[in-house]
Amino acid sequence: MTIDSQELVQAFTERIELTEKLLAIGTALSSSNDLDELLHLILSKSREITFSDAGSVYLIDRIEGNSKLLFKVAQNDSLPGVSLEEFAMPMTPKSLAGYVALTGESLNLPNAYDLPPDVPYELARTFDTIMPYRTRSVLVLPMQDQDGEVIGVLQLINRKLKSDIILTTENAMEMTQPYSEWEERIVRALASQAAISIERNQLQKNIENLFEGFVKASVQIIEARDPTTSGHSERVAELSVRLSEEANSVNHGALYSAKFSTRQIREIRYAALLHDFGKVCVPEAILVKQKKLYPQQLEEIRHRFAIAQRTRKMECAQAKFQHLLEHHHHKHPEEVSNSSCSHCQELERFDAELAQTVEKLNNYWELIKELNEPNIVKTRQFQASSEETLAQLKALSQYSYHDFDGVTKPLISQDEIVQLMVPRGNLTPQERLSIETHVTNTYHFLKKIPWTKHLKEVPAIAYGHHEKLDGTGYPQGLKQEEILVQTQILAIADIYDALTASDRPYKRRLMPNIALNILRQEAANNKINNSLVELFEQRQVFTVLGHTLEVKVA
């Protein structure tokens, strides 16, 4: 084989190797999801195929009327310890990067210190002076998207004779060379491919931001309808994410196999944020109900009591007047004197009966107001007094009054009595069932969203957050083996926050110590995952909310 043939084969081999490298780079660019990682990859691969000692990447920040260049990434083999922070610079033709960004043209400079006098740009020598460093050959290329719009600039510095050379200010001139036209074409093609990857990355980020905004707006809708639970969804999400991260570090026991990727943890977070969204379908009156009776009901009852008192007073006055009419025809003073005493007694009897009625009505009203308060717990005192309370309510249920139109009506309805006799909390069984439907509503709503494959379990995770390991939960009555571990994490976070959140009409806020005791009891009764509860307590997952345990002083 002749020398020319050998050179031809070698050149052909080098081209094949370069093509393979470019294909590999393209694959790497397509698979990168992190922008910072992507920019570093673009720069390092461009430098690798051109033997460039250094380089940098700029992105264009297009602000209306004031676009800027953002210095994002820098690399330098000869100064590996030097790191430069991101900064913004005006996009003008005076700088090399600014000129390329504005014009879309490439700059291939054999010696950046020796530029033609008629060009608008110049090399900023500040870096060379401070380091010190010697910039010689420079290749500046636009990164253009599919529409030809420049979205960034790739700058390569000092094409070395060999890749492993370390440059100094003394050897830079002899150890570097200009960039060839072939390299310029190759890197420009690579820069365009990089631009598409950057654009895809930014589009993905925009989509994620859009979805994040949708999720936050959804949470705000939930909280706007139920202000008493403000912040609940965000706190449950924080607790769920932290507990998931802690589960990842467990290398033994029941949680050994509970490992979650970054994407799965994001999936858990979204499920936690949206787990109560179905409450938008629950009647608002039930969601914001603070007492056993609705405000309008209590006002109607108060109105009835006022009418009952007023009509009773009118009846009393009429009875007294009728009595006087029937007994005022006395002909002799002696008769008037003898009967006046009995008349007074009769009138006093009317007044006493009226006072007794008013007192009874006042006592009934106080009873209603007392029973209207939610029972935070079903105490022994409540149980002991329930027989007496039932007797009072039975008497009240049989009490009737005459309305202004003369019709006899019950002072309180049977439905109102049922509400007042709710043993715990402030909801009737029917109202509680309405609240419980939020889980199914949440699931149906989330199923309508076209989740990506990395978020496809969000509906299922949220669906089971009120299920119990022993099958006594709702809405499906699932048992432990049927409940996703992610859901079991969400359930613990949900219970803890419900216990420790600020006071609500139907419950008092509990301290973390007491809440942990309740979680342990629930775990002991096979309601929630005992291993996760132990991890929650041992790793003090609750501190993510700023909670601390009370320290008892001996």
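See the structure shown above.
Throughout, residues of each chain are indexed from 1 in the direction in which the sequence is written. Only residues with pLDDT of at least 70 get local features here, since the model is predicted, and only at 80 or more are side-chain atom pairs given and counted; chain-wide, interface and lining totals rely on the full set of residues. With hydrogens and water stripped out, all remaining heavy atoms of the structure feed into the side-chain values.

**Details of the overall build of the protein**
To keep things clear, this is the line we draw: Every helix listed is a DSSP run of H or I at least four residues long, and every strand listed is a run of E at least two residues long, numbered separately from the N terminus. Relative accessible area decides the class of each residue, using a 1.4 Å probe on protein chains only: under 20% of the type maximum gives buried, over 50% gives exposed, and in between gives partly exposed. In these tables, accessible area is a Shrake-Rupley quantity obtained with a 1.4 Å probe, and a residue counts as shielded only by the protein chains included in the view.
Along the protein, the regular secondary structure elements total 18 helices and nine strands. Taken across its 554 residues, the protein has 43% of its residues classed as buried. Of the roughly 30600 Å² of accessible surface on the protein, a fraction of 53% belongs to carbon and sulfur atoms.

**Some words on the packing of aromatic side chains**
Stated precisely, the cut-off is as follows: Two aromatic rings, drawn from Phe, Tyr or Trp (for Trp, its six-membered ring), form a pair once their centres lie within 6.5 Å of each other, and the interplanar angle then sorts them: stacked below 30 degrees, edge-to-face above 60, tilted otherwise. Throughout this description, the term charge over a ring refers to an Arg CZ or Lys NZ atom that lies within 6 Å of the ring centre and within 35 degrees of the ring normal.
Counting across every chain of the model gives 15 aromatic pairs. Taking the centre distance of 4.0 Å and the plane angle of 25° together, the rings of Phe277 and Phe445 count as stacked. One end of the pair, Phe277, is in the loop between helix 8 (262-273) and helix 9 (284-287); the other, Phe445, is in helix 14 (residues 429-447), with 168 residues separating them in the sequence. Here the aromatic rings of Tyr443 and Tyr463 are separated by 4.0 Å at their centres, their planes lie at 15°, and the arrangement is stacked. With Tyr443 in helix 14 and Tyr463 in helix 15 (residues 458-463), the pair connects residues that are 20 residues apart, well separated along the chain. On the accessibility criterion, Tyr463 (14% relative accessible area) is buried. Connected via pairs of aromatic rings, a cluster forms that spans Phe211, Phe214, Tyr270, Phe277, Phe445 and Trp451. Geometry around Tyr113 places Arg125 over its ring, the cationic atom sitting 3.9 Å from the centre. Here Lys289 stacks its cationic end above the ring of Tyr294, 4.5 Å away from the centre of that ring.

**Things to note about the pattern of salt bridges**
Heads up, the condition is: Salt bridge, as used here: a side-chain nitrogen of Lys or Arg that lies within 4 Å of a carboxyl oxygen of Asp or Glu.
Counted by the stated rule, this structure contains 24 salt bridges. One salt bridge connects Lys160 with Asp77, and the closest N-O pair in it is separated by 3.7 Å. Note that Lys160 is positioned in strand 6 (residues 150-160) and Asp77 in the loop between strand 2 (68-76) and strand 3 (87-90), a separation of 83 residues in sequence. Judged by relative accessible area, Lys160 falls into the buried class, the value being 1%. Taking relative accessible area as the criterion, Asp77 reaches 35% and is therefore assigned partly exposed. Overlapping salt bridges bring together Arg47, Asp53, Asp77 and Lys160 as one network.

**Let's talk about the pairing of strand 6**
For clarity, the threshold we go by: Note on pairing: DSSP must find at least two bridges between two strands before they are called paired.
Most of strand 6 sits out of view: eleven of its eleven residues are buried. Pairing of strand 1 (residues 52-61) with strand 6, which is carried by seven bridges, proceeds in the antiparallel orientation. Its bridge partner lying in strand 6, Ser52 is registered against Arg159. Pairing analysis gives seven bridges linking strand 5 (residues 138-144) to strand 6, with the strands arranged antiparallel.

**Regarding helix 18 (residues 530-538)**
As a reminder, the rule being used: When we speak of the arc, we mean the arc of directions from the helix axis to the C-beta atoms. Contacts are residue-level and defined by heavy atoms, with any inter-residue pair within 4.5 Å sufficient. Residues adjacent in sequence count toward polar contacts only when both atoms are side-chain atoms; beyond that, a polar contact is any pair of N or O atoms within 3.5 Å, and within protein one must be able to donate a hydrogen and the other to accept it.
The complete set of buried residues in helix 18 reads Leu532, Val533, Leu535 and Phe536. Looking down the long axis of helix 18, one finds its buried residues gathered within 160° of arc, a one-sided arrangement. The inward-facing, buried residues of helix 18 abut helix 7 (232-248), helix 16 (485-500) and helix 17 (512-524). A side-chain oxygen of the first residue of helix 18 lies 2.9 Å from the backbone nitrogen of Ser531; this N-cap is Asn529.

**A closer look at the environment of Arg136**
Among the secondary structure elements, Arg136 is positioned in the loop between helix 4 (126-130) and strand 5. A residue is classified by how much of its surface remains accessible, and Arg136, at 17% relative accessible area, is buried. With 23 residues separating them along the chain, Arg136 and Tyr113 place their C-alpha atoms 6.9 Å apart. Once residues lying within four places of it in the same chain are set aside, the contact partners of Arg136 are Leu109, Pro110, Asn111, Ala112, Asn158, Ala172, Met173, Thr176 and Gln177.

**Description of the side chain of Arg47**
The topology assignment puts Arg47 in helix 2 (residues 35-50). A distance of 2.8 Å separates the side chain of Arg47 from the side chain of Gln75, its partner in a polar contact. Ignoring sequence-local partners within four residues, the contact set of Arg47 consists of Ser52, Asp53, Ala54, Gly55, Gln75, Asp77 and Leu156.

**Some points on the nonpolar core**
A general tendency of soluble globular proteins is for nonpolar side chains to be buried together. Quick note on the threshold: We call a set of buried residues a nonpolar core when its members are Ala, Val, Leu, Ile, Met, Phe, Trp, Tyr or Cys and they connect through side-chain atoms within 4.5 Å of each other.
Formed by 46 residues in total, the largest nonpolar core has its most connected members in Trp451, Ile492, Tyr496, Leu519 and Phe536. In terms of residues, this core owes the most to one element, helix 16, which gives seven residues. Non-local contacts of Tyr496, meaning those with residues more than four positions away in its chain, are made with Leu239, Pro512, Ala515, Leu519, Phe536, Phe542, Leu545 and His547. Residues Leu38, Leu43, Leu154 and Tyr179 belong to the second largest nonpolar core, which totals 22 residues.

**A look at the environment of Arg349**
Tracing the backbone shows Arg349 in helix 11 (residues 333-372). At 2.6 Å, the side chain of Arg349 and the side chain of Glu353 are in polar contact.

**So, the side chain of Ser52**
Tracing the chain through its elements places Ser52 in strand 1. Within the structure, the side chain of Ser52 is placed 2.7 Å from the side chain of Thr50, a separation counted as a polar contact. Among the polar contacts listed, one links the side chain of Ser52 to the side chain of Tyr179, at a separation of 2.7 Å. If we skip the residues at most four places from it in the chain, Ser52 touches Arg47, Asp77, Leu156, Ile157, Asn158, Arg159, Lys160 and Tyr179.

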